[in-house]
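# Breakdown of the fold
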Amino acid sequence: MTAMNAPPDPALLERAERQAQIVAALQRLLPAHALLWHAEETTPYECDGLTAYRQRPLVVALPETAEQVQAVLQACHALDVPVVARGAGTGLSGGAMPHALGVTLSLAKFNRILAVDPVARTARVQCGVRNLAISEAAASFGLYYAPDPSSQIACTIGGNVAENSGGVHCLKYGLTLHNVLKVRGFTGAGQPVEFGGDALDVPGYDLLAVLVGSEGMLAVTTEVTVKLVPRPQLARCIMASFDDIRKAGDAVASVIAAGIIPAGLEMMDKPMTAAVEDFVHAGYDLTAEAILLCESDGTPVEVEDESGRMCVVLRSWGAPASAISRDEAERLRFWSGRKNAFPASGRISPDYMCMDSTIPRKRLADILLAIQGMEKKYGLRCANVFHAGDGNLHPLILFDANDADQLHRCELFGADILETSVAMGGTVTGEHGVGVEKLNSMCVQFSAQEREQMLAVKRAFDPKGLLNPGKVIPTLVRCAEYGKELVRGGRVAHPDLPRF
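Residues numbered from 1 in each chain as written. Predicted model: local features only at pLDDT ≥ 70, side-chain atom pairs only at ≥ 80, totals over all residues. Heavy atoms only, no water.

## Looking at helix α10 (residues 300-316)
An α-helical turn contains 3.6 residues, so any two residues separated by three or four positions project in the same direction. For α10, which comprises 17 residues, the first-to-last C-alpha distance of 24 Å matches the rise-based estimate of 24 Å (1.5 Å per residue) to within 8%. The secondary structure elements touched by the buried residues of α10 are β12 (234-242), α8 (245-257), β14 (290-298) and β15 (322-324). Gly 318 lies just past α10 and shows a positive phi near 85°. (Helix = DSSP H or I, 4+ residues; strand = E, 2+ residues; numbered from the N terminus. Expected span 1.5 Å × (residues − 1). Contact = heavy atoms within 4.5 Å.)

## A short note on the packing of α8 against helix α13 (residues 364-378)
It is the contact of α8 with α13, at a shortest axis distance of 7 Å, that shows an interaxial angle of 150°. Of the possible angle classes, the one that applies to α8 and α13 is roughly antiparallel. Along the contact surface, α8 presents Ile 245, Arg 246, Gly 249 and Val 252, while α13 presents Leu 364, Ala 365, Asp 366, Leu 368, Leu 369 and Gln 372. When grouped by side-chain class, the residues that make up the contact of α8 with α13 number six nonpolar, two polar and two charged. (Axes fitted to C-alpha atoms, helices over the stretch in contact; angles between N-to-C directions. Parallel < 35°, antiparallel > 145°, perpendicular 65-115°, else oblique. Nonpolar A, V, L, I, M, F, W, Y, C, P; charged D, E, K, R; others polar.)

## Quick notes on the nonpolar core
Ile 134, Val 226, Met 267, Leu 314 and Phe 413 are the most contacted members of the largest nonpolar core, which totals 78 residues. Among the elements that make up this core, the one with the highest residue count is α13 (seven residues). Ranked by size, the runner-up nonpolar core spans 28 residues in total, among them Leu 35, Leu 58, Leu 73 and Leu 107. (Core = buried A, V, L, I, M, F, W, Y, C linked by side-chain atoms within 4.5 Å. Buried < 20%, exposed > 50% of the residue type's maximum accessible area, 1.4 Å probe, protein only.)

## Focus: the sheet that holds strand β6 (residues 122-126)
The five strands are arranged β5-β6-β10-β8-β9 in an open sheet whose pairing can be described as antiparallel. Single-partner strands in this sheet number two, and they are β5 (113-117) and β9 (192-196). For this sheet, the mean angle separating the axes of adjacent strands, direction not counted, is 10°. Across five bridges, the pairing between β6 and strand β10 (residues 220-227) is antiparallel. Its bridge partner being in β10, Gln 126 is matched across the sheet by Glu 223. (Pairing = 2+ DSSP bridges.)

Here it is, written out as structure tokens:
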């Protein structure tokens, strides 16, 4: 039989019929410009910041009001259509990768700051507001929003809530969870919900802590009330160079052991330092095996005292080459390299996969040395930047996604890092989420009973399993595949899995 008279592909027919059904339903609810379904329109939504895995959605909906969001969710619920909420698409674990037979719900147009209350020190914002825009709006009151992911110029507060994002200052000021008071949105069935409240405590169960970090599996966020904190009178950053990775790791643990909680405590290894210095010229020591950025903030007296104590600890671990920022411009220059670690890596490699795990602080040197061994094992380079103060790792594995073998080795490399982190007493994720990237590795850390409890929470919020299905929580089938075939990680298959 020739290609000319071959029967049509049943899967393609099903996709086309399903798409027509969804478009017809949503055209009654949204203006024409807020509904995309042609290939050239939906392709830009096929992945988030994890570009190694892509899937074009059937339909992209771009609602402009909460009523439209509710109507879209109700329609999709009635049709049993999966829905994947999307913000700015800066996520790094594939959490916003579309479902093959579903709707991508873009909330990019929800970008208004609704209120800033300088007395209560809160801001009420729509989910599509950029992280940095909150601090910009609060600046005239001497306030700012503390969590500062490296992508804060672009990432949205709704995405931060979904992933429980942190940033370089999360050691002292906490993650998103610690800086959010209230979240409003809708369930998968389109029912309005509210988590938390304007007060520090609310009656009933603390479901806000369940929602934050749930990666869009439980509800769709449309509005967030965040805490604001006073901008410190002074901030200084110490840049310390070490000729040995273990000394740098031990210095981190010793700073915390000394009772010092810096505003930020970050670590970069030699390959990462070289990459960012060539990009932003931050003034880093290119001969060092590792550098630490240690920031102190508060009143001038507090900063002077804390900086002095940190310098004593750092010198005790062999960091003679330390520089303290002399003014705000120099402080920002020191941080510019850390903030630009990801784009700097993009300049030296066609692609990179940024891993995200946590380990006890005392094991920082151990994991770095283990990663160096993995570089030889998998034949790929890796540049490392850490939220060292809380043990959150961000190894960036450099590879070429156009080479299938390199992609496969990169996946094995990443899975090995996650397994090793768990073996050292850590976890498979810190702030980037599980998405599709770490789905297999969840089986390393959590038992079948623990995963079933996670699924029970999912069912309680989303009985049909339509919100971001096939991600975060692996099925028993997936874990069986992991144990029998993939051994130490491997290629993430298409996430169109059984919902429960």
